[in-house]
Amino acid sequence: MLKNKTIILGVCGGIAAYKSVELLRLMKKAGANVKVAMTRSATKFVGETTFRVLSENDVMTALFDFEGTGTLNSQEASVQHIEWASQADAVVIAPATANIIGKLANGIADDALSTMMMAVTSPVIICPSMNTHMYENRAVQRNLDILEQDGMFILEPGTGELACKTSGAGRLPEPALIFDRLVKIFYSKDFTGKNILISAGPTREALDPVRYISNHSSGKMGYAVAEAAEKRGGLVTLVSGPTALSPPVGVNFVPVESAREMADAMLELMDNADIIIKVAAVADYRPLVSHENKIKKRDNPKSSISIELTENPDILKMLGKKKQKHQFLAGFAAETTNLDTNAMSKMEEKNLDMIVGNIVGVKGSGFEADTNKVKFFFRDGTIDDLPLMEKAQVAHMLLDHIISNVNFKK
Ligand code: PMT
């Protein structure tokens, strides 16, 4: 996504400046051409040589003095900051101090970074980082509001213990989170205004308060679809069984445990959805009796016990029955054999617009893996057989298909 994009990374004087080194590394790894503009105070926290070596570019620290390329005359230098501004596909200021926030909000250009910013026309992400009282100061908050009104993206700081020994809001978000926000700028927003309901993860069917029946779904595939849809402008609700994953940023998250809880949530939320994608691995059966207290071994003198199971609701089938004309419904099929036949009959039986079939039990595909090997099946009989790829990539390919196959009638 960042390949061949020019990103200006503005670094201000704060203890969190060291995190900008990691942010720069992430941007470079994604193929971006990164140019670093530091304030004078930032150079007191991290040496500009570090940024120069890692960015493989000059570092801007002053308007009239570029180190690394020798001293430029004032005419060359004064053109350089305008040149950087015009080359920028995006600007990220991390950490952004109260000082730079105040300058940008009030049109003050008195150093290299703030002067360059006056000429920037690309998207800008501001990542405030400072002492909690400074961050909560009315002037700082007012200035942040102004920057937001001016069209800049403000990334809320994290909370926790700060370097100044106070605790509260003001921590620079982790580099991966800032990087994620940056990448989002470059996604096409083809799902803007669309309500997308996604289910993910396993369900847990309780035997007693400490034991349950479940499956190996990690939630990775479903969370990847939710994250991709959100990045492409969708209004995403993710109904998820228990997983070890953090909900993707910007997604409305609805945690559930059992198939029946998932059914209730999905049926309640479906009316508002334009697109429904059911990635969850739902337990087809649950114990007929869920014991109130822990089942004790001593209560069962025999060496084996039987558990009677009863059928769970088929959520996807219920959604298929309720589906309105304008809604697009997609399911997933996890199969160990006969993928094509089984997937296509599930699509028919559950009234789906498409189904994603994946072979499970094969290394690198299906449950738990970061990658997946899938086939897309459509109602008109077309099949798209994809190679093994990252689940995030599968998610985007799925959304590409949905957006080009869907006729939204709303
Ligand atoms: O979570 P990961 O570790 O990343 O793994 C991803 C995955 C393998 C779970 C995913 O890619 C996948 O295949 N999900 C569907 C798993 C599944 O339950 O398949 P199924 O063939 O049993 O069900 C078919 C469809 O009916 C699914 O959309 C399922 O959500 C739905 N279903 C099934 C049973 C049921 N009682 N209610 C349902 O809604």
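Residues numbered from 1 in each chain as written. Predicted model: local features only at pLDDT ≥ 70, side-chain atom pairs only at ≥ 80, totals over all residues. Heavy atoms only, no water.

Attention shifts here to the site of the ligand. Taken together, 28 residues form the shell around the ligand, and within it Ser-217, Ser-218, Ala-280, Lys-346 and Asn-358 come nearest. The contact in question runs from an oxygen atom of the ligand to an N or O atom on the backbone of Phe-332, over 3.1 Å. Calculation on the ligand without its partners gives an accessible area of 770 Å², and the protein chains cover 96% of this total. Considering every element that reaches the shell around the ligand, the biggest residue donor is strand E17 (residues 328-335), with 5 residues. A class-by-class count of the residues in the shell around the ligand yields 12 nonpolar, 7 polar and 9 charged. (Near = heavy atom within 4 Å. Polar contact = N/O pair within 3.5 Å; in protein donor to acceptor, adjacent residues only side chain to side chain. Areas by Shrake-Rupley, 256 points an atom, 1.4 Å probe, with all protein chains shown as cover. Helix = DSSP H or I, 4+ residues; strand = E, 2+ residues; numbered from the N terminus. Nonpolar A, V, L, I, M, F, W, Y, C, P; charged D, E, K, R; others polar.)

All right, on to the pattern of salt bridges then. Scanning the entire structure with this criterion turns up 21 salt bridges. Between Lys-19 and Glu-174 there is a salt bridge whose closest N-O contact spans 3.2 Å. Separated by 155 residues along the polypeptide, Lys-19 in helix H1 (residues 17-29) and Glu-174 in the loop between strand E8 (167-171) and helix H9 (175-186) bring together distant segments of the chain. Since its relative accessible area comes to 44%, Glu-174 is described here as partly exposed. In this structure, a network of salt bridges that share partners links the residues Lys-103, Asp-110 and Asp-111. (Salt bridge = Lys/Arg side-chain N within 4 Å of Asp/Glu carboxyl O. Buried < 20%, exposed > 50% of the residue type's maximum accessible area, 1.4 Å probe, protein only.)

This next bit is on the side chain of Thr-115. By the element assignment, Thr-115 lies in helix H6 (residues 112-118). Reaching out from Thr-115, the side chain makes a polar contact with the backbone oxygen of Asp-111 at a distance of 2.5 Å. Excluding residues that lie within four positions of it along the chain, Thr-115 makes contacts with Leu-63, His-81, Ala-109 and Asp-110. (Contact = heavy atoms within 4.5 Å.)

One can find Thr-39 in the loop between strand E2 (33-38) and helix H2 (42-45). Once residues lying within four places of it in the same chain are set aside, the contact partners of Thr-39 are Val-11, Cys-12, Gly-13, Asp-111 and Leu-113.

Turning next to a negative patch on the surface. A contiguous patch of negative charge on the surface is contributed by Glu-257, Glu-261, Asp-264 and Glu-268. Residue position: Glu-268 is located in helix H11 (residues 259-269). (Patch = residues over 30% accessible without salt bridge, like charges linked within 9 Å, V, L, I, M, F, W, Y side chains within 5 Å. Lys, Arg positive; Asp, Glu negative; His and termini not counted. Charge placed at Lys NZ, Arg CZ, Asp CG, Glu CD.)

A word on the confidence of the model for the protein chain. Of all residues in the protein chain, 95% have pLDDT values of 70 or greater, and the mean over the chain is 92. Under a pLDDT of 50 for its full length, residues 66-70 has, in the predicted model, 14 contacts with residues more than four places off or in other chains. (pLDDT = per-residue confidence, 0-100.)

As a further point, take the environment of Glu-257. As for its placement among the helices and strands, Glu-257 is situated in the loop between strand E13 (252-255) and H11. The partly exposed category is assigned to Glu-257, whose relative accessible area is 39%. Counting along the chain gives 136 residues from Glu-257 to Thr-121, while the straight-line C-alpha distance between them is 47 Å. In contact with Glu-257, not counting residues within four places along its chain, are Pro-202, Thr-203, Arg-204 and Pro-242.

Summed over all chains, the structure comprises 1 aromatic pair. The ring of Phe-153 carries Arg-181 above its face, with NZ or CZ at 4.4 Å from the centroid. (Phe/Tyr/Trp six-rings, centres within 6.5 Å; stacked < 30°, edge-to-face > 60°. Lys NZ or Arg CZ within 6 Å of the ring centre and 35° of its normal.)

With that settled, the discussion passes to the sheet that holds E13. Taken in spatial order, the 8 strands make up an open sheet running E13-E12-E9-E14-E17-E18-E20-E21, and their pairing is mixed. In this open sheet, the two edge strands, each paired with only one partner strand, are E13 and strand E21 (383-385). Ignoring which end each strand starts from, the neighbouring axes of this sheet average 15 degrees apart. Where strand E18 (residues 354-359) meets strand E20 (residues 374-378), 5 bridges bridge the pair, whose relative direction is antiparallel. (Pairing = 2+ DSSP bridges. Axes fitted to C-alpha atoms, helices over the stretch in contact; angles between N-to-C directions.)

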